[in-house]
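Chain by chain, the residues:
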Amino acid sequence: MSEMQPITAEDNGSKGRYVYRADGHEAEMTFSKVGTSQIIIDHTEVPEAFRGQGVGVALVARAVEDARQSGVKIRPLCPFAAAQFRRHAEWHDVLVER
């Protein structure tokens, strides 16, 4: 994968997902909405074909970017997303305080 394809956001009312598609594969990060002020990232799945290429981090980063633009906070229940928030202190402005 030389250049990353765009990540698309799908909003299905109370749930949604961020999707990355390339070369016949699909990676996704799903979330649930808590009212209008919070999302819960509940699952991230990256196929073997994308492993080690930063696709999972890019999915979380896109959610962070969108949360900043819309004034929403993120609760990362997914272990992968939670680990990324621990690694990226610059994202803590959108992190739900515990």
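Scoring rules and cut-offs
Residues numbered from 1 in each chain as written. Predicted model: local features only at pLDDT ≥ 70, side-chain atom pairs only at ≥ 80, totals over all residues. Heavy atoms only, no water. Phe/Tyr/Trp six-rings, centres within 6.5 Å; stacked < 30°, edge-to-face > 60°. Helix = DSSP H or I, 4+ residues; strand = E, 2+ residues; numbered from the N terminus. Buried < 20%, exposed > 50% of the residue type's maximum accessible area, 1.4 Å probe, protein only. Axes fitted to C-alpha atoms, helices over the stretch in contact; angles between N-to-C directions. Parallel < 35°, antiparallel > 145°, perpendicular 65-115°, else oblique. Contact = heavy atoms within 4.5 Å.

**Overview of the packing of aromatic side chains**
Aromatic ring pairs are reported here in terms of the distance separating the ring centres and the angle at which the planes meet. Tallied over the entire structure, the rule returns three aromatic pairs. On the basis of an interplanar angle of 40 degrees and a centroid distance of 5.6 Å, the ring pair of Tyr18 and Phe31 is categorised as tilted. Of this pair, Tyr18 sits in strand β2 (residues 15-22) while Phe31 sits in strand β3 (residues 25-34), and the two are 13 residues apart along the sequence. Phe31 matches Tyr18 in its accessibility class, with the two residues each being buried. Measuring from ring centre to ring centre gives 5.1 Å for Tyr20 and Phe50, while their planes differ by 75 degrees; the resulting arrangement is edge-to-face.

**Things to note about the packing of helix α1 (residues 55-70) against helix α2 (residues 79-87)**
Each pair of packed helices can be summarised by the angle the axes make with each other and by the distance between the axes. Packing of α1 against α2 leaves a shortest axis separation of 10 Å and a crossing angle of 75 degrees. By the angle between their axes, α1 is roughly perpendicular relative to α2. Facing α1, whose interface residues are Gly56, Val57, Val60 and Val64, α2 presents Phe80, Ala81, Gln84 and Phe85.

So far we have only geometry, and geometry alone does not tell us how the molecule works.
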